[in-house]
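Here's the letter readout for the chains.
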Amino acid sequence: MHYQTQSWGAYVAPRNMGVDPLERIEKLASENAVVIFSMSTCCMCHAIKRLFCGMGVNPTVYELDEDPRGKDMEKALMRLLASSSAVPVVFIGGKLVGAMDRVMASHISGTLVPLLKEAGALWL
Amino acid sequence: NNDVRSEQEVVDVGADEILVQVRVLIGSLNSIFKRLFDWQLSGPDYKSTKGMSSPSTQFVTSRRMGVYEPLHQIGMWEDPFKGLTSQHGIAATTIVEVDGLDKPDYTSNESVGPSKNDQEASIPNEKVQRRLAQNREAARKSRLRKKAYVQQLETSRLKLTQLEQELQRARQQGLFIGSSALDSSHMGSSASLNSDLAGITAFEMKYGHWVEEQHKQNGELRNALQVHITDIELRILVDHGLKHYHDLFNMKADAAKADVFYLMSGMWRTSAERFFLWIGGFRPSELLNVLMPQLEPLTDQQLLDVCNLRLSSQQAEDALTQGMDKLQQSLAQSVATDSGNYGSQMAAAMEKLEALEGFVNQADHLRQQTLQQMSRILTTRQAARGLLALGEYFHRLRALSSLWAARPCEPA
């Protein structure tokens, strides 16, 4: 999903230029069973990644601080979650699950594992 | 604006006064200890303990100490020094004269003097033996009393030192905020420091009430389980119990906003409870370990659900622990390396610290969810037994802390 830089000497229109950040988020979320939007410096994001890895799930992680459009996506996520922190946020099977508290509540109540199996992220 | 500033000044002055008084108390405790050790080496000065003036005054004048309130209690210490004197070979009779409490046989107020020979020569041997034995016994008792009292003083000194440190820190915080900016943010910071301290004080009070209410609810559950009470009534008690924990987590959330370090330190809990501390509270897995033995027999479905809960809560616990470890590492790195720009380095570190509140909240959230799920899996009666077991477990831990604090000191 990268666009070419000026070193080509010609203007190449970047893909997804002008695409609404929320649309981009939804698109990325639908491309994998488990998608986590994160920031490399965020320790709660680290915790949520460890949670999924500990369950044997292999999530796709997007570090917003390493993405050129990260800032916009961050703002869009904050609006989506109605929260002052955009990350971490988890999508399973393309659908929004939520931030750490939602994910934990879902896991404790036993609804997370079926959701993961349904999305094909977990077998057994 | 002026009100806020003077409020801060009042807090500063109050903290100063308290600090001064705390230091005075620590100073007097320290000099008591010093005298104690000096006397143990050299023996007391009995020349000045003539007559039967009040113990405290006598003590004070003979030991040449300053007159402070706490020292009145030290009059009781007249006794312990008999034990010392007998070690230094001063006559049994002199010991008897000093102690007016344990020797009702002796009514005459013979003055205490160094020479014993005149008095002893005219007394029959068996009486002397009896008297010596009584003196030894009294000396022994006095030594024990002294030990207990010294231990109390040690504990007080320790507490005072801790108090002094806390006051220092609070004072420095106030100074730091006050001197860092003379603009309008100073006012805001002062106000927030005051409200932080107020927030923690409020929490401590509320928590005290919470523990009392918990004790009451335990009693109600115990009674309810013994008599034949309908499931509906039992359910009400269970829901009350669950709500009580919910209230605790709400209180903690407010306290975390005021001072997350205070919450994380576990200072609001007793020492044995602190031993088990995990991100500002009990571990969800600990909860399950306490409850499980109480709940048999369980149906197969219940067993399955409980196993799943065990697993998921452990996984969530581990995830949060790893997140905290990462936070520690990250913070240590940002503080350890000298970036050359103190201001921005500190700002970055401060930002990292802000994540702590999130972890404490998530840990409490996990505790809450685990309790909820347990109550979903269990029948009403089982849930009642479980809540009672949990309440009694924490009650016993608190009792253990008190017993530990009061345990007799090992001889030096």
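- Chain B is annotated in an unreviewed UniProt entry as Transcription factor TGA like domain from Dillenia turbinata.
- The Subcellular location (unreviewed entry) field of the UniProt record for chain B holds the comment "Nucleus".
- Per UniProt, chain B carries the Sequence similarities (unreviewed entry) text "Belongs to the bZIP family."

- Looking at an unreviewed UniProt entry, chain A carries the name Glutaredoxin, with the source organism given as Dillenia turbinata.
- Under the Subcellular location (unreviewed entry) heading, UniProt states for chain A: "Cytoplasm".
- Word for word, the UniProt comment on chain A under Sequence similarities (unreviewed entry) is "Belongs to the glutaredoxin family. CC-type subfamily."

### Considerations on the pattern of salt bridges
All names here are of chain B.
Point 1. Under the definition given, this model contains 16 salt bridges over all chains.
Point 2. The closest approach of N and O atoms between Asp247 and Lys243, which form a salt bridge, is 3.2 Å. Highlighted residues: Asp247 and Lys243, both in helix 8 (residues 231-258), separated by four residues, approximately one helical turn.
Point 3. The exposure class assigned to Lys243 is partly exposed, which follows from its relative accessible area of 48%.
Point 4. The salt bridge partner of Lys252 is Asp364, with a shortest N-O separation of 2.8 Å. Taken as a pair, Lys252 in helix 8 and Asp364 in helix 13 (residues 342-377) lie far apart in primary sequence, 112 residues in all.
Point 5. Lys252 sits in the buried class, given a relative accessible area of 2%.
Point 6. Using a relative accessible area of 4% as the deciding quantity, one classes Asp364 as buried.
Point 7. Via salt bridges that share partners, Arg222, Glu392 and Arg396 belong to a single interconnected network.

### Quick word on the packing of helix 11 (residues 284-291) of chain B against helix 12 (residues 300-336) of chain B
Residues and elements named next belong to chain B.
Point 1. Between helix 11 and helix 12, the shortest axis-to-axis distance is 8 Å and the interhelical angle comes to 155°. Comparing their axes, helix 12 and helix 11 come out roughly antiparallel. Contacts between helix 11 and helix 12 involve Pro284, Ser285, Leu288 and Asn289 from the first element and Leu309, Arg310, Ser313, Gln314 and Glu317 from the second.
Point 2. Across the contact of helix 11 with helix 12, the residue classes tally to three nonpolar, four polar and two charged.

### Some thoughts on the side chain of Gln368 of chain B
Point 1. Among the secondary structure elements, Gln368 of chain B is positioned in helix 13.
Point 2. Once residues within four sequence positions are removed from consideration, Gln368 of chain B is found in contact with Tyr245, His246 and Phe249 of chain B.

### Focus on the interface of chain B and chain A
Point 1. Of the residues lining the interface, 20 residues belong to chain B; the matching set on chain A comes to 16 residues.
Point 2. Regarding the contact of chain B and chain A, the summed buried area is about 1600 Å², with carbon and sulfur atoms giving 70% of it.
Point 3. Ranking the residues of chain B by area buried against chain A places Gln315, Lys326 and Gln362 of chain B at the top, with a combined share of 30%.
Point 4. Applying the counting criterion to the chain B and chain A interface returns zero salt bridges.
Point 5. Here chain B is connected to chain A by three residue pairs in polar contact (both at pLDDT 80 or more).
Point 6. Secondary structure elements with two or more residues in the side of chain B that touches chain A: helix 12 and helix 13 of chain B.
Point 7. In terms of residue count, helix 12 of chain B provides more of the side of chain B that touches chain A than any other element does, 11 residues in total.
Point 8. Partitioned by chemical class, the residues of the side of chain B that touches chain A number seven nonpolar, 11 polar and two charged.

### Some words on the packing of aromatic side chains
All names here are of chain B.
Point 1. Summed over all chains, the structure comprises 11 aromatic pairs over all chains.
Point 2. With centroids separated by 6.1 Å and ring planes inclined at 15°, the aromatic side chains of Phe203 and Tyr207 adopt a geometry described as stacked. A residue pair is termed a helical-turn pair when its members lie 3 or 4 positions apart in one helix, as Phe203 and Tyr207 do in helix 7 (residues 185-226) at four residues. Accessibility assignment for this pair places Phe203 and Tyr207 in one class, buried.

### Let's talk about the layout of surface pockets
Point 1. The volume enclosed by the second largest pocket comes to roughly 1000 Å³.
Point 2. Around the second largest pocket sit 33 residues that line it, and Cys42, Met44, Ser85 and Val87 of chain A together with Ala355 of chain B are the ones nearest its centre.
Point 3. Of all the secondary-structure elements, those providing two or more residues to the lining of the second largest pocket are helix 2 (43-54), helix 3 (70-81), strand 4 (95-98) and helix 4 (100-108) of chain A together with helix 12 and helix 13 of chain B.
Point 4. A total of 10 residues in the lining of the second largest pocket trace back to one element, the largest contributor, which is helix 13 of chain B.

### Digging into the sheet that holds strand 2 (residues 60-63) of chain A
All names here are of chain A.
Point 1. Read across the open sheet, the four strands follow the order 2-1-3-4; overall the sheet is mixed. The sheet is open, and its two borders are formed by strand 2 and strand 4, each paired with just one other strand. Here the average twist between neighbouring strands, direction ignored, is 25°.
Point 2. Looking at chain direction, strand 1 (residues 34-38) and strand 2 are connected through four bridges and run parallel. Residue pairing across strands places Phe37 opposite Tyr62, the latter belonging to strand 2.
Point 3. This element, helix 1 (residues 21-30), spans strand 1, strand 2 and strand 3 (89-92) of the sheet and lies at about 140° to strand 1.

Cut-offs applied
- Residues numbered from 1 in each chain as written.
- Chains lettered and ligands numbered in written order.
- Predicted model: local features only at pLDDT ≥ 70, side-chain atom pairs only at ≥ 80, totals over all residues.
- Heavy atoms only, no water.
- UniProt positions renumbered as here; feature names shortened; annotations may be inferred.
- Salt bridge = Lys/Arg side-chain N within 4 Å of Asp/Glu carboxyl O.
- Helix = DSSP H or I, 4+ residues; strand = E, 2+ residues; numbered from the N terminus.
- Buried < 20%, exposed > 50% of the residue type's maximum accessible area, 1.4 Å probe, protein only.
- Axes fitted to C-alpha atoms, helices over the stretch in contact; angles between N-to-C directions.
- Parallel < 35°, antiparallel > 145°, perpendicular 65-115°, else oblique.
- Contact = heavy atoms within 4.5 Å.
- Nonpolar A, V, L, I, M, F, W, Y, C, P; charged D, E, K, R; others polar.
- Buried area = accessible area lost by both parts, 1.4 Å probe.
- Polar contact = N/O pair within 3.5 Å; in protein donor to acceptor, adjacent residues only side chain to side chain.
- Phe/Tyr/Trp six-rings, centres within 6.5 Å; stacked < 30°, edge-to-face > 60°.
- 1 Å grid on protein atoms, 1.4 Å probe; cavity = no way out; pocket = protein on both sides within 12 Å on 5 of 7 lines; lining within 4 Å.
- Points joined across faces, edges and corners; volume = space filled by probe spheres on them.
- Pairing = 2+ DSSP bridges.

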